[in-house]
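Geometric and topological summary
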Amino acid sequence: MAFLFIFIGLFSSFRTLSVADNPDAVVGTWLNGTKRGHVQIYKQGNKYYGKLIWLKEPNDPATNKPKLDSKNPDAKMQSRPLMGLNIMNDFQFDGGNVWDEGKIYNPEDGKTYSCKMTLKDANTLDVRGYVGISLIGKTQTWTRIK
């Protein structure tokens, strides 16, 4: 019986270690913290990016047409669709379970924030957007879909 507990403990440690030491562990599809969107995180070169691939409400109720980036301060970008929009850019694996130096765009307010991602376990990702230093910001917990 003691052997079984030791085996389970070792297996859990190796699993956590493999997630924490794997720069690509963040790659996948995630349900955002508001539960209104899915973000596909992918790797390009040595950096990580994320794009909106699903919205709970993809169409604007007023027009019944796909939602646009209407809150963007750049008038030229206000006509681009939210679906397929890259909202996360230039993340770098910092070691352990942290991806940093990235930016996240919030289409709900049209603002871009500095951002840091921390993988809590294989299916839980803390995404922290902030201005200036990470102490001044907001964290959402995202859940892996696949």
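Residues numbered from 1 in each chain as written. Predicted model: local features only at pLDDT ≥ 70, side-chain atom pairs only at ≥ 80, totals over all residues. Heavy atoms only, no water.

On to the overall build of the chain, then. A count of helical and extended segments in the chain gives one helix and eight strands. Taken from the N to the C terminus, the helices and strands of the chain come in the order α-β-β-β-β-β-β-β-β. Within the chain, buried positions represent 31% of all 146 residues. The contacts in the chain between residues at least 6 apart in sequence include a share of 40% that link residues at least 24 apart. Surface exposure of the chain reaches about 9,100 Å², of which carbon and sulfur atoms provide 57%. (Helix = DSSP H or I, 4+ residues; strand = E, 2+ residues; numbered from the N terminus. Buried < 20%, exposed > 50% of the residue type's maximum accessible area, 1.4 Å probe, protein only. Contact = heavy atoms within 4.5 Å. Areas by Shrake-Rupley, 256 points an atom, 1.4 Å probe, with all protein chains shown as cover.)

A word on the nonpolar core. With 22 residues, the main nonpolar core has Ile-41, Met-88, Trp-99, Met-117, Leu-125 and Trp-142 as its most contacted residues. Going through the elements one at a time, β2 (37–44), β3 (47–55), β4 (86–95), β5 (98–106), β6 (111–121) and β7 (124–130) are the ones with two or more residues in this core. What Trp-142 contacts, discounting residues up to four positions off in sequence, is Trp-30, Leu-31, Asn-32, Gly-33, Val-39, Ile-41, Met-88, Ile-104, Asn-123, Thr-124, Leu-125 and Val-127. (Core = buried A, V, L, I, M, F, W, Y, C linked by side-chain atoms within 4.5 Å.)

Strand order in the closed barrel formed by eight strands is β1-β2-β3-β4-β5-β6-β7-β8, with antiparallel pairing between adjacent strands. Put simply, the sheet's adjacent strands are angled 35° from each other on average, direction ignored. Across two bridges, strand β1 (residues 28–31) lies against strand β8 (residues 137–144) in antiparallel orientation. Within the sheet, the bridge partner assigned to Trp-30 lies in β8 and is Arg-144. (Pairing = 2+ DSSP bridges. Axes fitted to C-alpha atoms, helices over the stretch in contact; angles between N-to-C directions.)

Moving on, we come to the environment of Asn-32. Residue placement: Asn-32 occurs in the loop between β1 and β2. Looking at Asn-32, the relative accessible area reads 13%, which means it is buried. For the pair Asn-32 and Gln-140, spaced 108 residues apart in the sequence, the C-alpha separation amounts to 7.4 Å. The contact partners of Asn-32, leaving out residues within four places of it in the chain, are Gly-37, Gln-140, Thr-141 and Trp-142.

As a further point, take unusual backbone geometry. Within the chain, Lys-35 stands out as a residue other than glycine whose phi angle is a positive 65°. With a phi angle near 65°, Glu-101 is a residue other than glycine that sits in the positive phi range. Structurally, the position occupied by Glu-101 is in strand β5. For Glu-101, a relative accessible area of 53% gives the class exposed.

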